[in-house]
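# Geometric and topological summary
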Amino acid sequence: MDFLNSLAELIGDDPNSYRGAPRGQRDPDNASYEEKVKKSVRADVRMFSGCMDTQTSADVGNVATFGLPPDAGPGGAGGACTNAMILSLYQNGGNCTWLELLRAMQITLKQKGFSQVPQISASRKISLNGQFNLVHPRTNGRTKALLIGINYVGQQGQLRGCHNDVKQMCGFIGNYGFGDMKILMDDGGHEQPTYRSIINGFRWLVSGAAPGDSLFFHYSGHGGSVPDDDGDEADGMDETMIPLDYMSSGQIRDDEIFRELVAPLPEGVQLTCVMDCCHSGTILDLPYSFVASESEMHAVAGGATPQMTPNPGFSFAKVLKVGMQMFQMYQGGASTASIGMAAAQAFGPDALAAFTGGGSGGHGAYGGDHGGG
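Starting from 1, residues in each chain are numbered consecutively following that chain's sequence as written. A pLDDT threshold of at least 70 governs which residues receive local features in this predicted model, and a stricter bar of 80 or more applies before side-chain atom pairs are shown or counted, although totals over entire chains, interfaces and linings include all residues. Values shown for side chains rest on all heavy atoms present in the structure; no hydrogens or waters enter the calculation.

### Things to note about the overall build of the chain
Put simply, the rule is: Only DSSP runs of H or I covering at least 4 residues are called helices, and only runs of E covering at least 2 are called strands; the numbering of each starts at the N terminus. Three labels apply to residues, based on accessible area from a 1.4 Å probe with only protein chains included: buried if under 20% of the type maximum, exposed if over 50%, partly exposed otherwise in between. The contact rule is simple, with two residues in contact once any of their heavy atoms fall within 4.5 Å. Accessible surface is estimated by sampling points in the Shrake-Rupley manner with a 1.4 Å probe; for residues, cover comes only from the protein chains shown.
For the chain, the count of helices and strands is 12 helices and 13 strands. The proportion of buried residues among the 373 residues of the chain is 56%. Across the chain, the fraction of contacts at a sequence separation of at least 24, relative to all contacts at a separation of at least 6, is 73%. Accessible surface, the chain: about 14,600 Å² in total, of which carbon and sulfur atoms supply 48%.

### Side note on unusual backbone geometry
Unlike most non-glycine residues, Tyr152 shows phi in positive territory, near 55°. Topologically, Tyr152 is positioned in the loop between strand S5 (143-149) and helix H5 (162-174). Looking at Tyr152, the relative accessible area reads 0%, which means it is buried. With a phi angle near 50°, Asp285 is a residue other than glycine that sits in the positive phi range.

### Some details on helix H6 (residues 195-206)
Under the convention used in this document: A helix is expected to span 1.5 Å multiplied by its residue count minus one.
Taking 1.5 Å per residue as the helical rise, H6 with its 12 residues ought to reach 16 Å, and the 17 Å between its terminal C-alpha atoms agrees with that figure. Judged by how many residues are buried, H6 sits mostly within the fold: 9 of 12 residues are covered. By the burial criterion, the buried members of H6 are Tyr195, Ser197, Ile198, Ile199, Gly201, Phe202, Trp204, Leu205 and Val206.

### Concerning the pairing of strand S12 (residues 288-291)
For clarity, the cut-off: In this analysis, strands are considered paired if DSSP registers two or more bridges between them.
By the bridge criterion, 4 bridges tie strand S4 (residues 119-122) to S12 in an arrangement that is antiparallel. Directly across from Ile120, in S12, lies its bridge partner Phe290. When S12 meets strand S13 (residues 309-310), the two strands line up antiparallel, connected through 2 bridges. Bridge assignment links Tyr288 to a residue of S13, and that residue is Pro310.

### Focus: helix H2 (residues 33-40)
Note the threshold: In this description, one arc is meant: the one made by directions from the helix axis to the C-beta atoms.
Buried residues of H2: Lys36, Val37 and Ser40, and no others. Axial view of H2: buried residues confined to an arc of 100°, hence all on one face.

### A short note on the packing of aromatic side chains
Put simply, the test is: The pairing test for Phe, Tyr and Trp rings, Trp by its six-membered ring, is centres within 6.5 Å, and the orientation test on the planes gives stacked under 30 degrees, edge-to-face over 60, and tilted for anything in between. Here, a charge over a ring means that NZ of Lys or CZ of Arg falls within 6 Å of the ring centre while also lying within 35 degrees of the ring normal.
Going through the model one piece at a time under the given rule, you end up with 8 aromatic pairs. Ring centres of Phe172 and Tyr176 lie 5.3 Å apart, and the angle between their planes is 55°; this geometry places the pair in the tilted category. A relative accessible area of 4% places Phe172 in the buried class. Of the residues examined, Tyr176 reaches a relative accessible area of 23% and is grouped as partly exposed. Ring pairing ties together the aromatic residues Phe48, Trp98 and Phe132, which thus form one cluster. In this structure, Lys144 is placed above the aromatic ring of Trp204, and the distance from its NZ or CZ to the ring centre is 4.6 Å.

### Looking at the sheet that holds strand S7 (residues 214-220)
In plain terms, the rule: Lines are fitted to the C-alpha atoms to define the axes, a helix being fitted only along its stretch in contact, and any angle between axes, read from their N-to-C directions, falls within 0 to 180 degrees.
Strand order in the open sheet formed by 8 strands is S6-S5-S7-S11-S1-S4-S12-S13, and the pairing between neighbours is mixed. Edge positions in the sheet fall to strand S6 (181-185) and S13, since each of these pairs with one other strand and no more. In the packing of helix H4 (residues 98-111) onto the sheet, the strands contacted are strand S1 (44-49), S4 and S12, and the crossing angle to S1 comes to about 20°.

### Observations concerning the environment of Leu286
Its place among the elements puts Leu286 in the loop between strand S11 (270-276) and S12. Residues Leu286 and Val41, spaced 245 residues apart in sequence, show a C-alpha to C-alpha distance of 8.4 Å. When residues no more than four places from it in sequence are discounted, the contact partners of Leu286 are Val45, Met47, Ser121, Ala122, Ser123, Val262, Asn311 and Phe314.

### A closer look at the pairing of S5
When you tally the buried positions in S5, you get 7 out of 7 residues, the bulk of the element. Residues Thr143, Ala145, Leu147 and Gly149 line one face of S5 and the alternating positions Lys144, Leu146 and Ile148 line the opposite face, and both faces are buried. Looking at chain direction, S5 and S7 are connected through 7 bridges and run parallel. The partner of Ile148 across the bridge, within S7, is Tyr219.

### Some thoughts on the packing of helix H3 (residues 80-91) against H5
Put simply, the rule reads: An angle below 35 degrees is treated as roughly parallel, one above 145 as roughly antiparallel, one from 65 to 115 as roughly perpendicular, and anything else as oblique. Crossing chirality is assigned from the near helix's rotation relative to the far helix, an anticlockwise turn below a right angle marking it left-handed and a clockwise turn marking it right-handed. Classification convention: Asp, Glu, Lys, Arg as charged; Ala, Val, Leu, Ile, Met, Phe, Trp, Tyr, Cys, Pro as nonpolar; all other residues, Gly among them, as polar.
The geometry of H3 relative to H5 is characterised by a closest axis approach of 10 Å and an angle of 25° between their N-to-C directions. In terms of axis orientation, H3 runs roughly parallel to H5. Pair H3 / H5 crosses with left-handed handedness. For the pair H3 and H5, the contacting residues are Thr82, Asn83, Ile86, Leu89 and Tyr90 in the first and Asp165, Gln168, Met169 and Phe172 in the second. Residue composition of the contact of H3 with H5, grouped by class: 5 nonpolar, 3 polar and 1 charged.

### Structural notes on the pattern of salt bridges
Convention followed: For salt bridges, the criterion is a side-chain nitrogen of Lys or Arg within 4 Å of an Asp or Glu carboxyl oxygen.
Overall, the coordinates contain 7 salt bridges when judged by the stated rule. Notably, a salt bridge pairs Lys38 with Glu34, separated by 3.7 Å at the nearest N-O pair. Here Glu34 and Lys38 lie together in helix H2, a separation of 4 residues that amounts to about one turn. Here Lys38 falls in the partly exposed class, since its relative accessible area comes to 44%. Note that Glu256 is salt-bridged to Arg259, the shortest N-O span being 3.7 Å. Residue Glu256 and its partner Arg259 are located together in helix H8 (residues 254-262), separated by 3 residues, close to a single helical turn.

So this is what it looks like as structure tokens:
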């Protein structure tokens, strides 16, 4: 087996670029940006965030002030992003364009006195004047959701509204047919949202994913920003999720979120994420983005066409880094089967054939037996 040619087939790169090139300088140059993106992120992934990387997110003291329907959730404290999004969708019955949803969220946040700027990032260049959707157009696929709410009960920096956010969101997405849900909360009644439980939750969500499936991920809790440790971030910072046991287990960096949640999904899967935490603008490191800032929305109101643009922070190095980890396995004498399984885990089931000449046996991402929980 020519390992480098197999890796090149998988990623769409020149195999010679793996021979001695410094880390962070292995971006493929044989295809357009869009073509590279499709090989790097095969699924249709979109993420809503209530703030930019440089901003902090806010708790709402009483979500009743947002004007949500009485049966929308438990009331009390909650996250500004979660409640602005749910209110905006309730107001128009879920029938709106991506741009209309972002505009409604921006107006709501501003009216309530929050400086947060909503934005969307995605793996494809979404037409913002197109119809918003949570469910894949191929309605015969499965629906599956992972929701995480962390109040950090008894810890410094305790929050109040994250459990309520999850309850609100559970009720809302249930209207779209999501019934298979995994919930992590530090409320004493659910699995604790520890570092390991969150990683296993990601693996549960993507396990068995197949074309036509609709996946949903919601996180309400603390987010962080720490110095990049491997040179793949344009701004020199990694955005993070902060699990319940962060003091002992550490934070979950965006590199790991990408590797566990985004990279394994095959083409034809739709994943929608809502990140209600600080510093979350590009936490999934997706290749396209649109920030609903005052200037952008003013330009649109003046007749400009809203467009998602390439995210300058997107790094092909994340994908190549996983490839290099497999290369190290190869150099260390790992078997073809082991490398193939690692490829399937990182890049989806079709990757197995690039290394073994065989198929994936019909399993989706991570095979049939690798889900957590």
